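# An overview of the molecular structure
Given next are the chains, with one letter for each unit.
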Amino acid sequence: MKNNLHLYRMFRRVKSKVLRVILIAIYSLIVIVCAVQLNFLWLFGYSPTKEDIVLPTLQISSELYTADSVLIGKFYHQDRDPVPFDSISENILNALIATEDVRFYEHSGVDVIGVISGVASTIMGDKRGGSTITQQLAKNLYRTRYEQQQGLLGKIPGLGMVVTKFKEWMTAYKLENRYTKTEIITMYLNTVSFSNNAYGIKSASVRYFNKLPKDLKATEAAVLVGMLKGTTFYNPIRNPNNSRERRNVVLAQMHKEGYLSNADYGTFKQEPLELDLNNQEERGANDSYIRTAVRKWLEKWGEENDIDIYTSGLKIYTTIDSRMQAIAEGIVEEQMKELQQRLDNSWANELPWRDKQNEVIPDFLEDRARRLPAYASLMKMFKDDEQKVFQELNKPKTMSIFTWDGDQTVELSTMDSLKHYLTMLNTGMVAMDPYNGEIKVWIGGIDHTHYKFDHVNQSKRQAGSTFKPFVYLTALENGLTPCDTYEDKPVRLDFVNKQGEKEVWEPKNADWSFSYRNMSLRWAMARSLNTITAQITRDVGWDSIVETAKRTGIESHLESVPSVGLGSNDVSVLEMANAYSTFINAGKRNEPVLVSRIYNHKGKEIAHFKTKQEQVVDPEDAWLMTYMLRGTIEEPNGTSQALWEWDLFGENNQIGGKTGTSSDYVDGWYMGITKDLVTGVWVGCDEQSIHFKNSQTGEGSKTALPIYARFMEALYKTPELGITKGELPAATVEISKKYNCPSPRIRVPAPTDSLLNEGTDAPGLPTILRLPEVGM
């Protein structure tokens, strides 16, 4: 009270009434400014501090690149990629200044003339904003109009806006004192929203016109600047007519301010919008699997390093080669389209979902429908009356579905649509450098929009005979050589299961025949004989085989059972490719690498990733395994001999590989190795009761192998990729074991790739073990 009285007396000493009023006004302004800045009694809400003005925070999208610097995706909450002033077209600058702030270079953050003009216009009924570019920047940077920035006074209608405007004026003044006009207008263009999740001028330029900001024409610049008045109402995609009208208003302002000649203005206002849309999220389907795989890994990395990958403006480089990826995607599309037709034709008008006895599974489609979100909603709507629910699910409606001829608009019921998607074949493919673990190709499925599940690292399926090399490696590690022999004859394994019950396993070869020949390990693996693989399993122990597979790169749970060597366990394509890489890499196991480098928004490298290697196999045994894998092509009736149909050989080229098919032709595999690359391919339906009928159509050599063959053929015809023909790596140590033992060239039945290893019931025997069938 005494202080107020003192102030009153002080101002009374000023004789001039005018001067006294001015001093009181100045003093009041200072008090108000201090109160607002300090958020006195929480009345005014937060105001940007000096530190905020010096270091304004932007949410900058992170960009994902291939190893050869091709942008394949972004991670963001707001799709923003700031650009410097010299990367912005003059057309953008001219359109913005002419339309939003003609005295931009004359005021100090607040345009008094503009404010007075805006108030006068509002009184006259023409609402016209008086905010400068600097004020709009303050609003964008510091969210001055967000509820969390408002104080208690902000809840009072009318008064809240006055306080907000006052805070924007103060912030604008701070910005003008801290930054140059060039920096302010650049920051503004990098922060403003252009709808469709495009934040900043670069994202907008790319999204709407597929070009960089420096390349925008006057008409294109006018479209974008015109959107600032209302990003939805003037959106050129949603409201093209409104957008064109607004563009012409901007062009008129540019003409009025002298930025356009009479002739240009007359021409430009007649032009159509001419959009060239480039929605980053609608890029090729397969690279979406890559983005998802990287995102999951990056989120964990970001958590560990306290970095938000969605707002930090990172530049993330993967190990993917965009050219190899594109080749693989094209081949997969062509082959899968053909395979889908083959599957459809094989069942024709029959229902394809079958049990082990080839009987149609009753209520199969209905059971799958009960898992749909629509089913739960309809059950609630129809008060648990399932009959009415299925009547609704069987009603035709217009919908868009995925086909290999592109998305098609059709009249289908939900049940028909469900059948369509369940009967689609899917695939997973990965290619990696065996020496450093870098992944060069990643195809997680046929279409990421409709099939989110990644068949490279998420999906795990029976490996079939692609698992047999782990049996033969275990044999080598137990002292055997590729030239040691076993007889192809019936085999019986008696064992006790985990429940303590006696069981018998009597695997058969794929063709149900036995040659009774003595065959070298190399020849037996080349022909993928179940009988010899089972004998080796008996001799080395299935626990040892599990340990070998785990040591070389298989991380999935492996059930230790007699059939483990025939691929009865579920594994991923990535695990298999990594394990096969251990053979090529002289017995050193790699950790797969998908991300190689990360840079911050200033271009500084903040992380570099290399594989971790561990010697897990003796180099001699590892080299012998590559030699044995060559046998599937070189030995009589090896299961990979179909590769000779393609232009893959010559120039002393050597390829090793292994086919695989699980029971009933559910899963088709091919694992291939060359001196430069290890590649894994899987083909099958996600629903395992839907599959091919026979070996001629469904074994791995007919489904997965052609994809591998065409891929390698294309790589060899593109030498700039660095994948060339040549011999597999030479041994790094002396080979002491005997391995050069050519097999006799004799007539034997043509190899097949299906797996028939179920036991045969016999009176008086213990419980017969019916293990999953696995194949060559």
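First, a word on scope: everything that follows refers to the structure included in this document. (Residues numbered from 1 in each chain as written. Predicted model: local features only at pLDDT ≥ 70, side-chain atom pairs only at ≥ 80, totals over all residues. Heavy atoms only, no water.)

## Observations regarding the pairing of strand β17 (residues 595-599)
In terms of burial, β17 is largely enclosed, as four of its five residues are buried. By the bridge criterion, four bridges tie strand β5 (residues 315-318) to β17 in an arrangement that is antiparallel. Bridging from a neighbouring strand, Ile316 pairs with Ile598 of β17. Pairing geometry for β17 and strand β18 (residues 605-608), over three bridges, is antiparallel. By the bridge assignment for β18, Ile598 is matched with Ala607. Taking the residues between adjacent antiparallel strands as the criterion, β17 and β18 are bridged by five residues, where Gly603 takes a positive phi near 90°. (Buried < 20%, exposed > 50% of the residue type's maximum accessible area, 1.4 Å probe, protein only. Helix = DSSP H or I, 4+ residues; strand = E, 2+ residues; numbered from the N terminus. Pairing = 2+ DSSP bridges.)

## Here's the deal with the state of the cysteines
Within the structure shown, the criterion is met by one disulfide. The disulfide partner of Cys483 is Cys741, and the S-S distance across this bridge is 2.1 Å. Disulfide Cys483-Cys741: the torsion about the S-S bond is -105°, which places it as left-handed. Placement of the pair is Cys483 in the loop between α19 (468-477) and β11 (485-487) and Cys741 in the loop between α26 (700-716) and β23 (767-768), with a sequence separation of 258 residues. (Disulfide = S-S within 2.5 Å.)

## Some remarks on the sheet that holds strand β21 (residues 667-673)
As summarised here, the arrangement of the five strands in space is β9-β8-β22-β21-β20, forming an open sheet in which the pairing is antiparallel. A strand with exactly one partner marks an edge of an open sheet, and here the two such strands are β9 (439-443) and β20 (656-661). This sheet shows a mean twist of 5° between the axes of neighbouring strands, independent of strand direction. Here four bridges tie strand β8 (residues 425-432) to β9, and the two strands are oriented antiparallel to one another. When the sheet's bridge partners are listed, Met432 is paired in β9 with Ile439. Those strands touched by helix α14 (residues 322-347) are β8, β9 and β22 (678-685), and its axis lies near 30° from that of β9. Contacting β8, β9, β20, β21 and β22, α26 crosses the sheet at an angle of about 35° to β21. (Axes fitted to C-alpha atoms, helices over the stretch in contact; angles between N-to-C directions. Contact = heavy atoms within 4.5 Å.)

## A closer look at the packing of aromatic side chains
In the structure shown here, the tally under the stated rule is 21 aromatic pairs. An angle of 15° between the planes, with centres 5.1 Å apart, marks the rings of Tyr65 and Tyr317 as stacked. With a gap of 252 residues between them, Tyr65 in strand β1 (residues 62-65) and Tyr317 in strand β5 connect regions that are remote in the sequence. Residue Tyr317 is classed as buried on the basis of its relative accessible area, which comes to 15%. Both rings, one in Phe233 and one in Tyr234, keep their centres 5.0 Å apart while their planes meet at 85°; by these two values the pair is edge-to-face. Taking the ring centre of Tyr317 as reference, the NZ or CZ of Arg597 above it sits at 4.6 Å. Seen from the ring of Trp347, Lys693 lies directly overhead, with NZ or CZ sitting 4.8 Å from the centre. (Phe/Tyr/Trp six-rings, centres within 6.5 Å; stacked < 30°, edge-to-face > 60°. Lys NZ or Arg CZ within 6 Å of the ring centre and 35° of its normal.)

## Thoughts on unusual backbone geometry
The backbone phi angle of Asn210 is positive, close to 55°, even though this residue is not glycine. By the secondary structure assignment, Asn210 is in the loop between α9 (201-209) and α10 (218-227). Residue Asn210 is classed as partly exposed on the basis of its relative accessible area of 39%. For Ser528, which is not glycine, the phi torsion reads 55° and is therefore positive. Residue position: Ser528 is located in the loop between α20 (521-527) and α21 (530-540). Residue classification places Ser528 among the buried positions, given a relative accessible area of 0%.

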